[in-house]
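Fold and contact review
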Amino acid sequence: KAGVTQTPRYLIKTRGQQVTLSCSPISGHRSVSWYQQTPGQGLQFLFEYFSETQRNKGNFPGRFSGRQFSNSRSEMNVSTLELGDSALYLCASSFTASGEQYFGPGTRLTVT
Amino acid sequence: EDQVTQSPEALRLQEGESSSLNCSYTVSGLRGLFWYRQDPGKGPEFLFTLYSAGEEKEKERLKATLTKKESFLHITAPKPEDSATYLCAVRPNTNAGKSTFGDGTTLTVKP
């Protein structure tokens, strides 16, 4: 069974730009969550989607948004990038909203 | 607000030297407690799920246990390939889709 895939793997952007990250979950998984991981803050929950609906959201500004498509693939968008948005963005899928999560390799975003 | 605290922050062991990692949690009704392993530059890898106090799960040299306030990850006779960051996470009964992670314990096993 193919694992969670994320594209792109690496991204360099300039302050003020916007970025879209993509995540394809494991086949059959309907729950997709996004996390931001930084050395200082650890893994921070961004949002969770289940069957195309955002069901939970973390404490991030409105510049961070996401969506889920009917095939469970998900995208995350960050607008007006700031230097502090530099991080590893991880996507995780699970069969149920409360089950164990399977993570992708992440997208390493660098904002200059 | 749900909270997860892991200790120690870092642990260095000699090969074969057993030890335990701690995960203390505060959650408004526990749906599940999860352990993950993360290698540098990779996403976390699922290890165990524990649902209720007294439950134990084992996999090779790892054993996870759960009480009402904390979980332990016991590592028996570790090998260098067990070196990684171990993360603990909780899901609450309400808003079960929202996981809270601890900052992790970075384990280094020297041969």
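One structure accompanies this document, and this report is about it. (Residues numbered from 1 in each chain as written. Chains lettered and ligands numbered in written order. Predicted model: local features only at pLDDT ≥ 70, side-chain atom pairs only at ≥ 80, totals over all residues. Heavy atoms only, no water.)

Describing the side chain of A:Gln68
Residue and element names in this part refer to chain A.
- Here Gln 68 lies in strand S7 (residues 64-68).
- We classify Gln 68 as buried; its relative accessible area is 7%.
- Of note is the side chain of Gln 68, whose polar atom sits 3.5 Å from the backbone nitrogen of Phe 50.
- Polar side-chain contacts of Gln 68 include one of 2.8 Å to the backbone nitrogen of Glu 52.
- Setting aside chain neighbours within four positions, we find Gln 68 in contact with Arg 30, Val 32, Tyr 49, Phe 50, Ser 51, Glu 52, Thr 53, Arg 73 and Ser 74. (Helix = DSSP H or I, 4+ residues; strand = E, 2+ residues; numbered from the N terminus. Buried < 20%, exposed > 50% of the residue type's maximum accessible area, 1.4 Å probe, protein only. Polar contact = N/O pair within 3.5 Å; in protein donor to acceptor, adjacent residues only side chain to side chain. Contact = heavy atoms within 4.5 Å.)

Description of the layout of surface pockets
- Considering only enclosed or pocket space, the largest pocket measures out at about 660 Å³ in volume.
- The wall of the largest pocket is formed by 28 residues, among which A:Gln44, B:Glu1, B:Asp2, B:Thr100 and B:Phe101 lie closest to the centre.
- Tallied by class, residues from the lining of the largest pocket come to 7 nonpolar, 16 polar and 5 charged.
- Quantified by volume, the second largest pocket comes out at close to 410 Å³.
- Forming the walls of the second largest pocket are 21 residues, and the residues nearest its centre are A:Gln37, A:Thr38, A:Pro39, B:Gln38 and B:Thr85.
- If you list the elements that add at least two residues to the lining of the second largest pocket, you get strand S4 (31-38) and strand S5 (42-50) of chain A together with strand S9 (84-92) and strand S11 (105-110) of chain B. (1 Å grid on protein atoms, 1.4 Å probe; cavity = no way out; pocket = protein on both sides within 12 Å on 5 of 7 lines; lining within 4 Å. Points joined across faces, edges and corners; volume = space filled by probe spheres on them. Nonpolar A, V, L, I, M, F, W, Y, C, P; charged D, E, K, R; others polar.)

Re the pattern of salt bridges
Residues and elements named next belong to chain A.
- For the structure shown, the criterion picks out 8 salt bridges over all chains.
- Measuring nitrogen to oxygen at the nearest pair gives 2.8 Å for the salt bridge that ties Arg 63 to Asp 85. Here Asp 85 lies in the loop between strand S8 (74-78) and strand S9 (87-94) and Arg 63 lies in the loop between strand S6 (53-57) and S7, a separation of 22 residues in the sequence.
- Taking relative accessible area as the criterion, Arg 63 reaches 15% and is therefore assigned buried.
- Of the residues examined, Asp 85 reaches a relative accessible area of 4% and is grouped as buried.
- For Arg 73, the salt bridge goes to Glu 75, with nearest N and O atoms at 3.4 Å. (Salt bridge = Lys/Arg side-chain N within 4 Å of Asp/Glu carboxyl O.)

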